[in-house]
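Here is what each chain is made of, one letter per residue.
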Amino acid sequence: QVQLEVSGGGLVQAGGSLRLSCAASGRTFSSYAMGWFRQAPGKEREFVAGINWSGGSTYYADSVKGRFTISRDNAKNTVYLQMHSLKPEDTAVYYCAVDLLRPFRVVIPRRPSEYNYWGQGTQVTVSS
């Protein structure tokens, strides 16, 4: 059974940092793209960052570019989201996801519909 366990959320002051982790289990994930999304109250789920199967290619939403870094450790089946210079507008529930339908995909998927397994989400709250 595929599971994605997300951890690392919390409350932080503006300008602070957090690191989210997403540990995958149930099968090997090293051939598949993974991504981070977030959803604020009353808003649609939005793409934050994605990483290809090898970790050699990444893509970021403009709103987080230069502040967030996505990485992965395929030996640990884990993807990370390092967040720096956090802003109140980064407050949301953060989800990790994996696209297990298309191995070795060249283009990093950015739409929620392109991912078929999701973690449970973790709350990130940035106070001003």
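The rules we used
- Residues numbered from 1 in each chain as written.
- Predicted model: local features only at pLDDT ≥ 70, side-chain atom pairs only at ≥ 80, totals over all residues.
- Heavy atoms only, no water.
- Helix = DSSP H or I, 4+ residues; strand = E, 2+ residues; numbered from the N terminus.
- Polar contact = N/O pair within 3.5 Å; in protein donor to acceptor, adjacent residues only side chain to side chain.
- Core = buried A, V, L, I, M, F, W, Y, C linked by side-chain atoms within 4.5 Å.
- Buried < 20%, exposed > 50% of the residue type's maximum accessible area, 1.4 Å probe, protein only.
- Contact = heavy atoms within 4.5 Å.
- Salt bridge = Lys/Arg side-chain N within 4 Å of Asp/Glu carboxyl O.
- Pairing = 2+ DSSP bridges.
- Axes fitted to C-alpha atoms, helices over the stretch in contact; angles between N-to-C directions.

A few words on the side chain of arginine 38. Within the secondary structure layout, arginine 38 lies in strand E4 (residues 34-39). In terms of polar contacts, arginine 38 uses its side chain to reach the side chain of serine 63, at 3.4 Å. There is a polar contact of 2.9 Å between the side chain of arginine 38 and the side chain of aspartate 90.

So, about the nonpolar core. In terms of nonpolar packing, the biggest core is built from 32 residues, with Trp36, Leu81, Met83 and Tyr94 touching the most fellow members. Going through the elements one at a time, strand E1 (3-7), strand E3 (18-25), E4, strand E5 (46-51), strand E7 (68-73), strand E8 (78-83), strand E9 (92-98) and strand E11 (122-127) are the ones with two or more residues in this core. In contact with tyrosine 94, not counting residues within four places along its chain, are Val6, Leu20, Phe37, Arg38, Val48, Phe68, Leu81, Met83, Gly121, Thr122 and Val124. Counting residues in hydrophobic clusters, the runner-up holds five residues, among them Phe37, Phe47, Ala97 and Ile108.

To continue, consider the pattern of salt bridges. In total, this model carries eight salt bridges according to the counting rule given. Arginine 38 is the partner of aspartate 90 in a salt bridge, and the nearest nitrogen-oxygen pair spans 2.9 Å. With aspartate 90 in the loop between E8 and E9 and arginine 38 in strand E4, this pair connects stretches of sequence that are 52 residues apart. Of the two residues examined, aspartate 90 and arginine 38, each falls in the buried class. Taking the shortest distance from any N to any O, the salt bridge between arginine 111 and glutamate 114 comes out at 3.4 Å. Judged by relative accessible area, which is 9%, glutamate 114 ranks as buried. Taken together, the shared-partner salt bridges connect Asp99, Arg102, Arg105, Arg111 and Glu114 into one network.

What follows covers the pairing of E5. Of all six residues that make up E5, five are buried, and the element is covered over most of its length. Taken together, the five bridges between E4 and E5 define a ladder with antiparallel strand orientation. Pairing of phenylalanine 37 across the sheet is with phenylalanine 47, part of E5. Hairpin connection from E4 to E5: six residues lie between these consecutive antiparallel strands, with glycine 42 at a positive phi of about 80°. In this structure, E5 lies alongside strand E6 (residues 58-60), joined through three bridges in antiparallel fashion. The residue bridging alanine 49 from the neighbouring strand is tyrosine 60, located in E6. In sequence, E5 turns back onto E6 through a hairpin of six residues, with glycine 55 there showing a positive phi of about 90°.

Our focus in this paragraph is the sheet that holds E3. Here four strands make up an open sheet; going across it, the order is E1-E3-E8-E7 and the pairing antiparallel. With one partner strand each, in any of the chains shown, E1 and E7 form the two edges of the open sheet. Across the sheet, the axes of successive neighbouring strands diverge by a mean angle of 15°, strand direction being ignored. Bridge count between E1 and E3: five bridges; the pairing is antiparallel. Across the sheet, residue leucine 4 finds its bridge partner in E3, namely alanine 24.

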